[in-house]
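Each chain is listed here by its residues.
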Amino acid sequence: MIPEITLNAWQMLLLKLGIILAVVPTMTLVAGYAEHKVMAHLQHRLGPMYPGGFHGWAILLADGLKFLYKEDIIPASADRRVFSMAPAVIFVPVLLLFLVIPIDRTLIIEDLDVGLFYLLAIGSVGAIGVLMAGWSSANKYALIGALRSAGQLIAYELPIVLSAAAVAMLAGSLSLVAIVEAQDWPFILWPPGIGLALFMLFILGAMAELSLPPFDMPVAESELITGPFTEYTGMRFIFGFFFAETAHMIAFAGIGTTLFLGGYKPIVPWGPLEVIPGIIWFFVKTAFMIFLLLWIRFSFPRLREDQLQKFAWKFLIPLSLALILATGAWILYGPGG
Amino acid sequence: MALDEKRVTSQTPVHDPEEIAKIVSGGNLITEQMVLNVGPQHPATHGVFRLLATIDGEVLVNAEPIIGYMHRGYEKLVEARDYRQITNLISRMDWLSGFNNELPMNLALEEMMEIEVPERAQYLRVAMLEMNRILNHLMFFASFGAELGAITPTFFAFREREDIQLAMEMATGGRMHFGYMRPGGIREDVPRGFIRQALKGVRQVIDRLSQYEDLLVGNEIFKQRTIDVGVLEKEIAYNYGVSGPIARGSGITFDVRKDEPYLVYDKFDFEVQSAPNGDCFDRFWVLVREVVESAKIVEQALGDLPSGPVLGKVPRVIQPPEGEVYIRTENPLGELGFYLISDGDRRPYRMKIRTPSYNNVSVLPRVLKGQMVADMIAILGSFFFVLGDIDR
């Protein structure tokens, strides 16, 4: 007999926050380790091998510990309050993204009716943090990086929003659970062609929003040192930069899984596959998305800022508008319409 | 792979900040110039190169290289040293091509003292000079990719370097500063297994280079970033005394190895690579092609290596007669010249060193003007300079 536990709203909220604060860092560590290893093996290296004994599994713990001991330097001419707040403004929205991603049919922190809208809105708050970091650092490299980042966000938010809008049209709902339930066949396969194009559009936009190569101009190491984070040290650097970046990547992988790969459902609706629990499907698909992002990331050189803007405004955004039209036509005149 | 197959796009090479402001706001936008101090410590400068850049938005209005941060006074140091000590000292000048640096002074001594160099020594010298050239070029292959944000090719190039590096290590005991050349030949004969190891490394480079080239040069983003960026015209290259792969990337087909053959270079079959456009892409393309040419020379030199001694008849004390001589050779980065004046002493009276990177970098302000900050990094990377070579 399991005793019935009733919690009031505040206790539920605390519990949910606790889960988020426990799960997200763990996932981030796993993904960060994968990042090290995928990069190393793509480059004919072994990557970290010693920390923790087995294939260097504890490298990120060791790294984190190292950063914990670093001196927290705030430049003399920096705007102290803004400078020290910026990492939090970058990091907290990333955590909030995880609130609405359905890991299984019932395993979701909060199934909002406007889940998709919430994701897109919260996802871009981090850019303010990046601007804050760049402006308050009193460093020219940081400033250039922050401005590049802001320009990039405006240009690439649109393709993401438009491709997500097409998904919402197909599913007929903004709730993420409803979107997953609407995918008998994942959207990437059905509607044929349109779904794949939308998915690619989403990946491109996500890479630009995450500042991953080939769109990593805001933090381009060979040009701007670390862009907006040039002046940060210690834990602020870790939370504002590494941790937020990896967690953001996982969040986008999860969103991509939910919107295009059928979330917690099997990749094709076939009896034997449905035996596998949804949580495993979700994580396998998310891992695949992360690998895809890393693969692209380590294979390409970096674009130039003006080329990136041209690519967004002259190609991606017209394409995404055309895809919305195509999606509408599919809904009206396609097999289901 | 022909050069033309790889080129496709064309874009506006030079940006005018006022023009941009006009397009953006009809001329109402007031922009301010900002001085950006790139270096001396900056990830893209391979050392302590300093560039004082005046930027307007992201466009460079003016860029001035400030050199001398690493000056070590080699020309003065050598005046207080014995010639054999100098060999080891100048090996450190351009640290990526130590063996090539050791050559011109020894050639100068051999000419002044009329020392005969045995044939085996000449062949081994050529083979190892070219191996050193491959090492150097692969390093720049790696760093250019890294500067454009492609980190994976970097590690591929380093992996290929390792086999050749190992062969050099077998013979000389060093990985960067070899100190292997002597007036009259080389220090000692190469050990057993050297030839096999060297040929293995060189053949591997030829085998795999085309793959790496496709990964980087065949990439659309790479083309967008390099084609028509940082154009160095042939005339300007001539006037500034630019040499090496950078000059050959601007259509100048000059190579000391071919035009004034020294050692036994005239016995080998190789081509001088050049490309007509003078942009980052062409400079990089020439660099990659030169690796293949060098590999061909190494194969030929080690293939019919004559037997015999490796050190000619050299007097116990190296004391060239009074006189002067200028020797120039083709260093991996360009023309390296040594002007040696001797007053009959054991030490040089004066030794003027003309290093390639110094002249090559002096043309940077001309090329950088009107470029984007991101392109500045690509251009700096495509100028293949070694800091130690600029500031002797």
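Residues numbered from 1 in each chain as written. Chains lettered and ligands numbered in written order. Predicted model: local features only at pLDDT ≥ 70, side-chain atom pairs only at ≥ 80, totals over all residues.

Some points on the overall build of chain A
Then, in step 1: Each helix and strand in chain A was counted, giving 12 helices and zero strands.
Then, in step 2: Since a compact globule built from 337 residues should have a radius of gyration of about 20 Å, the 21 Å found for chain A is in line with a globular shape.
Then, in step 3: Projecting the C-alpha coordinates of chain A onto the three principal axes gives extents of approximately 65 × 60 × 45 Å.
Then, in step 4: Taken across its 337 residues, chain A has 45% of its residues classed as buried.
Then, in step 5: Counting only contacts in chain A whose residues sit at least 6 apart along the sequence, the fraction spanning at least 24 positions is 77%. (Helix = DSSP H or I, 4+ residues; strand = E, 2+ residues; numbered from the N terminus. Rg over C-alpha atoms; globule rule 2.2 N^0.38 Å. Buried ≥ 20, exposed ≤ 12 C-beta atoms within 10 Å, placed from the backbone. Contact = placed C-beta atoms within 7 Å.)

Focus on the overall build of chain B
Then, in step 1: Counting secondary structure elements, chain B contains 17 helices and eight strands.
Then, in step 2: On C-alpha atoms alone, chain B measures out to a radius of gyration of 22 Å, which is about the 21 Å that the 2.2 N^0.38 rule sets for 392 residues.
Then, in step 3: Dimensions of chain B, computed from C-alpha atoms along their principal axes, come out at roughly 75 × 45 × 30 Å.
Then, in step 4: The buried share of chain B, reckoned over its 392 residues, is 51%.

Digging into the sheet that holds strand S2 (residues 50-56) of chain B
Sheets are built from strands paired through backbone hydrogen bonds, the pairs being either parallel or antiparallel.
All names here are of chain B.
Then, in step 1: Reading across from one edge, S1-S2-S3 is the order of the three strands in this open sheet, with antiparallel pairing throughout. Of all the strands in the sheet, just strand S1 (33-38) and strand S3 (59-66) have a single pairing partner and so form its edges. Going across the sheet, the axis of each strand differs from the next one's by a mean of 20°, ignoring polarity.
Then, in step 2: Relative to S2, S1 runs antiparallel, the two being bridged by six bridges. Across the sheet, the residue bridging to Leu36 is Ala53, located in S2. (Pairing = 2+ DSSP bridges. Axes fitted to C-alpha atoms, helices over the stretch in contact; angles between N-to-C directions.)

Focus: the environment of Ala326 of chain A
Residue and element names in this part refer to chain A.
Then, in step 1: Its location among the elements puts Ala326 in helix H12 (residues 305-333).
Then, in step 2: We classify Ala326 as partly exposed; it has 17 C-beta atoms within 10 Å.
Then, in step 3: It is 9.2 Å that separates the C-alpha atoms of Ala326 and Ala166, two residues lying 160 residues apart in sequence.

Considering the interface of chain B and chain A
Then, in step 1: Counting residues at the interface gives 26 residues for chain B, matched by 25 residues for chain A.
Then, in step 2: Those elements giving two or more residues to the side of chain B that touches chain A turn out to be S1, helix H6 (119-147), helix H7 (152-172), helix H9 (220-226) and helix H16 (373-382) of chain B.
Then, in step 3: Here the residues of the side of chain B that touches chain A are counted per class, giving 16 nonpolar, five polar and five charged. (Nonpolar A, V, L, I, M, F, W, Y, C, P; charged D, E, K, R; others polar.)

Focus on helix H4 (residues 115-123) of chain A
Residue and element names in this part refer to chain A.
Then, in step 1: Every buried residue belonging to H4 is among Gly115, Leu116, Leu119 and Gly123, and all of these are buried. Considered in projection along H4, the buried side chains sweep an arc of 100° and stay on one side of the axis.
Then, in step 2: For H4, the secondary structure elements touched by its buried residues are helix H3 (80-97), helix H6 (140-171), helix H7 (176-181) and helix H10 (234-260). (Arc of directions from axis to C-beta.)

Considerations on the confidence of the model for chain B
Then, in step 1: Of all residues in chain B, 93% attain a pLDDT of 70 or more, and the chain-wide mean is 83.
Then, in step 2: Two numbers describe this predicted complex: its pTM, 0.83, and its ipTM, 0.78. (pLDDT = per-residue confidence, 0-100.)

Comments concerning unusual backbone geometry
Residues and elements named next belong to chain B.
Then, in step 1: With phi around 60°, Asp228 is a residue other than glycine that occupies positive phi space.
Then, in step 2: With respect to the helices, strands and loops of the structure, Asp228 is situated in the loop between H9 and helix H10 (234-239).
Then, in step 3: Although it is not a glycine, Phe384 sits at a positive phi angle of roughly 40°.
Then, in step 4: Assignment of secondary structure puts Phe384 in the loop between H16 and helix H17 (387-390).

A closer look at the packing of helix H5 (residues 98-113) of chain B against H6 of chain B
Residues and elements named next belong to chain B.
Then, in step 1: Between H5 and H6, whose axes approach to 8 Å, the crossing angle comes to 135°. Here H5 is positioned oblique relative to H6, judged by the angle of their axes. Taken together, the residues of H6 that come into contact with H5 (itself represented by Gly98, Phe99, Asn100 and Leu103) are Met128, Leu129, Asn132 and Arg133. (Parallel < 35°, antiparallel > 145°, perpendicular 65-115°, else oblique.)

Here we look at the sheet that holds strand S6 (residues 323-331) of chain B
Residue and element names in this part refer to chain B.
Then, in step 1: Spatially, three strands are ordered S6-S7-S8 in an open sheet, and the strand pairing comes out antiparallel. Because the sheet does not close on itself, it has two edges, and the strands there are S6 and strand S8 (350-354). With strand direction ignored, the average angle separating the axes of adjacent strands in the sheet is 10°.
Then, in step 2: As defined by bridge partners, S6 adjoins strand S7 (residues 334-342) across nine bridges and the pair is classed as antiparallel. Counted as the bridge partner of Thr329 is Leu336 from S7.
Then, in step 3: Packed on one face of the sheet, H5 meets S6 and S7 and runs near 145° to S6.

Notes on the nonpolar core
One recurring pattern in soluble globular proteins is that nonpolar side chains are buried together.
Then, in step 1: Formed by 203 residues in total, the largest nonpolar core has its most connected members in Ala127, Met131, Ala198, Val298, Met376 and Ile379 of chain B.
Then, in step 2: Residues in contact with Ala198 of chain B, not counting those within four places in the same chain, are Ala127, Met131, Ile164, Ala167, Val298 and Leu302 of chain B. (Core = buried A, V, L, I, M, F, W, Y, C linked by C-beta atoms within 7 Å.)

Regarding helix H8 (residues 194-209) of chain A
Residues and elements named next belong to chain A.
Then, in step 1: Counted at 1.5 Å a residue, the expected span for H8 with its 16 residues is 22 Å, and the 22 Å between its end C-alpha atoms agrees.
Then, in step 2: Taking burial as the measure, the 16 residues of H8 include 12 buried ones, the bulk of the element.
Then, in step 3: Listed as buried for H8 are Ile194, Gly195, Leu198, Phe199, Leu201, Phe202, Leu204, Gly205, Ala206, Met207, Ala208 and Glu209.
Then, in step 4: At the C-terminal side of H8, Ser211 shows a positive phi close to 55°. (Expected span 1.5 Å × (residues − 1).)

Considerations on the pairing of S7 of chain B
Residue and element names in this part refer to chain B.
Then, in step 1: Count of turn residues in the S6/S7 antiparallel hairpin: two residues.
Then, in step 2: Pairing of S7 with S8, which is carried by five bridges, proceeds in the antiparallel orientation. Note that in S8 the partner of Leu340 across the bridge is Met351.

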